[in-house]
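Below, each chain spelled out in residue letters.
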Amino acid sequence: MFRRRTPVLLTAALLVGGLAGCSTPAPAPTAAPPTPPKATTPAPRVPAGTAPAEAFAVGVRQLKLNRGGDRPLPVTLWYPARGGAGAAAQRDATVATGRFPVVAFSHGLDGRPTDYQALLTRWAAAGFVVAAPTFPHTGKGTDGSVLDVLNQPADVSYVLDKVLALDARAGDPLRGRLATDRVAAAGHSAGGVTTIGLFTTGRDERLRAGVVLAGTGLGVGTAFAGTAAPQLFVHGRADEVVDYAAGKAAYDAVPWPKAMLSLPRGDHGRALLGDGAALRVVSDTTIEFLRWSLYGDEAAKGRLPVSAARGDIATLDDRL
């Protein structure tokens with residue numbers, strides 16, 4: 001039943017708002033996922049600390065990766081850099097001093113990392129290294145094979161293998177700059193499905209937190225597994241692609257500390273990630289969540305309700 005229904009359902013559920021695309025069935029995952037361990041609910045494992053108070057300049061570089069030789073995964077890396085904050089991201093800029101947590105970001109169907117640059121560069125400026133692959137069958141200009149979303153959690157884990165290894169690679173600009181024990185996953189739409197998959201069927205135990213933007217558990221399930229990893233869901237109530245109720249159902253199934261930012265007038269993409277007040281709320285709230293979950297900054301956790309409380313733009317269900 002799953003194989004018959006998935007192409008139609010995922011096509012409707014995963015198209016990124018404002019992007020055109022089509023889908024054809026792709027091969028099923030190359031191997032059956034292992035049975036995940038049962039979920040546990042201890043407090044986050046990241047030791048207490050303080051996130052950087054300064055805003056960094058942002059650097060950007062590209063990695064050419066390929067999983068298995070037939071899954072090209074070009075990766076865009078945004079990172080904290082030296083220099084004045086607020087300027088456009090500079091290619092190959094000098095990395096700032098410090099050790100920075102890593103966030104793996106997954107784009108939506110027919111998307112690309114640069115579609116999310118306004119949000120992801122803000123994360124980098126706040127002190128995070130963002131690794132954003134372009135997926136081989138759901139990226140912009142590919143065949144749009146929707147079922148390949150089920151292979152993407154393994155792609156993200158592979159990308160993390162390679163990115164985290166840069167911390168120990170002689171001569172690499174990121175050598176000694178990555179907090180390899182402080183890693184999160186995030187994604188939008190099909191990337192939100194991918195992100196949920198990294199905590200369910202494709203559980204990556206390196207992950208300390210997740211951010212799901214307009215995502216659903218369709219295809220990857222909601223059997224959240226392994227050590228507790230706090231989750232932040234963000235969803236527009238006017239989402240015309242992934243119904244708000246579908247995202248809320250996945251959120252309700254999370255057994256760990258969690259919060260959900262709901263945008264009463266938010267659609268699937270434009271109001272969520274475009275310029276303007278909604279982007280500022282999403283950006284500020286996700287940054288405070290990542291500061292808490294990856295830097296262990298308790299003050300950031302206390303600021304979460306303030307970041308979300310912007311008039312009638314958003315509401316926050318805080319169970320952290």
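Heads up: the structure comes first, above all this text.
Being a predicted model, the structure only gives us computed values, none of them experimental.

A.B. asks: Could you clarify how one ought to interpret the overall build of the chain in this entry?
C.D. replies: For the chain, the count of helices and strands is 8 helices and 10 strands. Taking all 320 residues of the chain together, the buried fraction comes to 56%. For the chain, restricting intrachain contacts to residue pairs at least 6 apart in sequence, the fraction spanning at least 24 positions comes to 72%. In the structure as shown, the chain presents an accessible area of about 12,400 Å², 55% of it carried by carbon and sulfur atoms.

A.B. asks: It is not clear to me how unusual backbone geometry should be interpreted in this structure. Could you clarify?
C.D. replies: Phi angles above zero are rare outside glycine, and Ser189 is one such case at about 60 degrees. Structurally, Ser189 is set in the loop between strand E6 (178-188) and helix H4 (190-197).

A.B. asks: Help me understand helix H2 (residues 117-125) in this model?
C.D. replies: An α-helical segment advances 3.6 residues per turn. Residues three or four places apart therefore align on the same side. Among all positions of H2, only Leu119, Leu120, Thr121, Trp123, Ala124 and Ala125 are buried. Looking one or two residues past H2, Gly127 carries a phi angle of roughly 115 degrees, positive in sign.

A.B. asks: How should the pattern of salt bridges be read in this particular structure?
C.D. replies: If the charged atoms of two oppositely charged side chains come close together, the side chains can form a pair. Enumeration according to the criterion identifies 15 salt bridges in this entry. With a closest N to O distance of 2.6 Å, Asp161 and Arg206 form a salt bridge. Here the residue Asp161 occupies a position in helix H3 (residues 152-165), and Arg206 occupies one in the loop between H4 and strand E7 (207-213), the gap between them amounting to 45 residues. What emerges from the salt-bridge pattern is a single network uniting Arg67, Arg71, Asp148 and Asp155.

A.B. asks: Help me out: how do you make sense of the sheet that holds strand E10 (residues 315-319) in this one?
C.D. replies: The strands making up a sheet associate through backbone hydrogen bonding, with each pair oriented either parallel or antiparallel. Across the sheet, which stays open at both edges, the 10 strands sit in the order E3-E1-E2-E5-E4-E6-E7-E8-E9-E10 with mixed pairing between neighbours. Two strands lie at the open edges of the sheet, namely strand E3 (90-91) and E10, each paired on one side alone. Pairing between strand E2 (residues 71-81) and strand E5 (residues 129-133): 4 bridges, direction antiparallel. The residue of E5 that forms the bridge with Val75 is Pro133. Set on the sheet, H4 makes contact with strand E4 (100-106), E6, E7 and strand E8 (231-236); between it and E6 the angle comes to about 135 degrees.

A.B. asks: Would you explain the side chain of Thr216 in this entry?
C.D. replies: Topologically, Thr216 is positioned in the loop between E7 and E8. A distance of 3.3 Å separates the side chain of Thr216 from the backbone nitrogen of Leu218, its partner in a polar contact. If we skip the residues at most four places from it in the chain, Thr216 touches Val193, Ile196, Val242 and Ala246.

A.B. asks: What should I look at first to understand the nonpolar core in this one?
C.D. replies: As a rule of thumb, nonpolar side chains are buried together in soluble globular proteins. By size, the foremost hydrophobic cluster in this structure holds 97 residues, and its most contacted members are Leu77, Phe105, Leu120, Trp123, Leu213, Phe289 and Leu290. With 10 residues, the top contributor of residues to this core is helix H7 (residues 277-295). Non-local contacts of Phe105, meaning those with residues more than four positions away in its chain, are made with Tyr116, Leu120, Trp123, Val130, Ala131, Ala132, Pro133, Ala186, Gly187, His188 and Leu213.

How each quantity is defined
Residues numbered from 1 in each chain as written. Predicted model: local features only at pLDDT ≥ 70, side-chain atom pairs only at ≥ 80, totals over all residues. Heavy atoms only, no water. Helix = DSSP H or I, 4+ residues; strand = E, 2+ residues; numbered from the N terminus. Buried < 20%, exposed > 50% of the residue type's maximum accessible area, 1.4 Å probe, protein only. Contact = heavy atoms within 4.5 Å. Areas by Shrake-Rupley, 256 points an atom, 1.4 Å probe, with all protein chains shown as cover. Salt bridge = Lys/Arg side-chain N within 4 Å of Asp/Glu carboxyl O. Pairing = 2+ DSSP bridges. Axes fitted to C-alpha atoms, helices over the stretch in contact; angles between N-to-C directions. Polar contact = N/O pair within 3.5 Å; in protein donor to acceptor, adjacent residues only side chain to side chain. Core = buried A, V, L, I, M, F, W, Y, C linked by side-chain atoms within 4.5 Å.

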